[in-house]
Amino acid sequence: NGIDWAALGQVELARATAKATYTANTTVDLGGVAARYVRLTVNSGWGLTGQLGLSEVRFLFIPAQAREPQPENGAVDVAIDTVLSWRSGREAALHEVHIGTDPDALILAAVVGRATFTPDNLEFGLTYYWQVDEVNEADAIAVWPGSVWSFTTAEYAVVDNFETYNDDIDAKTTIFDTWLDGWVNNTGSTVGYLTAPFAERTIVHGGRQSMPLTYDNSVSPFYSEAERTFDGAQDWTVGSADSLRLYFRGAAANSPQTLYVTLEDSAGRTATVGYADPDGVLATEWQEWRIALSEFGGVSLTKIEKMMIGVGNRAAPAAGGKGIVYLDDIGYGRPAATE
């Protein structure tokens, strides 16, 4: 505590050699004492004039506290299903994990036997603080409190960022094997390009690929749609998610048409939300489109099974024009609160 001191006894520090090859020549055994402060009281020096000095004092210690956190302290864009882990303190039998959004009011979340813990209630777009206290009731000091670390969760979980697709048609790992287009659903859409690379690799919002969606609403059925069926129903309410976000851009030569998103749940119920401005498909810069999940009324957001992105009006089709839209970085979640 810097006030009450325990004396280790008299120790003689060897005299320096005054040579370039001089290395440390004195080691003081602290006897395993749990210490935060070390004080040296000098009683005498070397030679007739009592010369004394210190250079490069090192303290070697037994690491009793938790360290090396994962995610790293201060990490950002952490997934809400992240696994917390750390390097255990020496001889720790149990680990008390405290976590919360207020560093001064952490809550005991679990007592675990291994140096890992998975929180089950993290939310999107929040900064969390956490601390691990190492416990061993058989030790002289039963609890070693750890440092307070922090991480910030991502605002959105990835639905599709179009990075996993390649040009292997035989393996069915192309972009149009996942996002079905007019060749399958008989609408006026074409996903990807007719020759490799099938995904767009120049006009991208994030990463190295985006999805080009060509539309032709000049012929029946007068709307163009790409659809993806997920491997198992998805729950888009976890982490207090409240919105769907995607990025799109078009081309100045496009024919104005309404861009829309349709969700379908495992019971077959659908809901469609259209972009407010039909001229949005003319944009030559990336546009962020954030849709409140509450707008998809009648669909079970805990059981999303299919997603459709289209151009036109699937409920009341009418003859329209042609063009191309690029899509990227689709996700669900919640934007971080602003001050």
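Rules and cut-offs
- Residues numbered from 1 in each chain as written.
- Predicted model: local features only at pLDDT ≥ 70, side-chain atom pairs only at ≥ 80, totals over all residues.
- Heavy atoms only, no water.
- Helix = DSSP H or I, 4+ residues; strand = E, 2+ residues; numbered from the N terminus.
- Rg over C-alpha atoms; globule rule 2.2 N^0.38 Å.
- Buried < 20%, exposed > 50% of the residue type's maximum accessible area, 1.4 Å probe, protein only.
- Contact = heavy atoms within 4.5 Å.
- Areas by Shrake-Rupley, 256 points an atom, 1.4 Å probe, with all protein chains shown as cover.
- Lys, Arg positive; Asp, Glu negative; His and termini not counted.
- Charge placed at Lys NZ, Arg CZ, Asp CG, Glu CD.
- Pairing = 2+ DSSP bridges.
- Axes fitted to C-alpha atoms, helices over the stretch in contact; angles between N-to-C directions.
- Polar contact = N/O pair within 3.5 Å; in protein donor to acceptor, adjacent residues only side chain to side chain.

*Asks:* Go over the overall build of the protein with me, naming the residues and quoting the values.
*Replies:* Looking only at helices and strands, the protein features two helices and 19 strands. In terms of overall dimensions, the protein is more spread out than a globule: its C-alpha atoms have a radius of gyration of 31 Å, far above the 20 Å expected for 339 residues. Taking the principal axes of the C-alpha coordinates as reference, the protein spans close to 105 × 45 × 45 Å. For the protein, with 339 residues in total, the buried portion stands at 37%. Once local pairs closer than 6 in sequence are excluded, the contacts in the protein between residues at least 24 apart make up 72%. As displayed, the protein has an accessible area near 19400 Å², and 50% of this comes from carbon and sulfur atoms. Treating the 22 positive side-chain charges of the protein as one cloud and the 44 negative ones as another, the clouds have centres 6 Å apart.

*Asks:* Go over the sheet that holds strand β18 (residues 304-312) with me, naming the residues and quoting the values.
*Replies:* The four strands lie next to each other as β13-β18-β15-β16, forming an open sheet whose pairing is antiparallel. Since the sheet does not close on itself, it has two edges, and those belong to β13 (223-234) and β16 (270-274), each with one partner. Ignoring which end each strand starts from, the neighbouring axes of this sheet average 15° apart.

*Asks:* So what's going on with the side chain of S243? Residues and values would help.
*Replies:* Relative to the helices and strands, S243 resides in strand β14 (residues 243-249). A distance of 3.0 Å separates polar atoms of two side chains, one belonging to S243 and the other to Y156. For S243, the side chain forms a polar contact with the side chain of D242, separated by 3.2 Å. When residues no more than four places from it in sequence are discounted, the contact partners of S243 are Y156, R290, I291, A292, L293, G331, Y332, G333, R334 and P335.

Geometry only, nothing functional implied.
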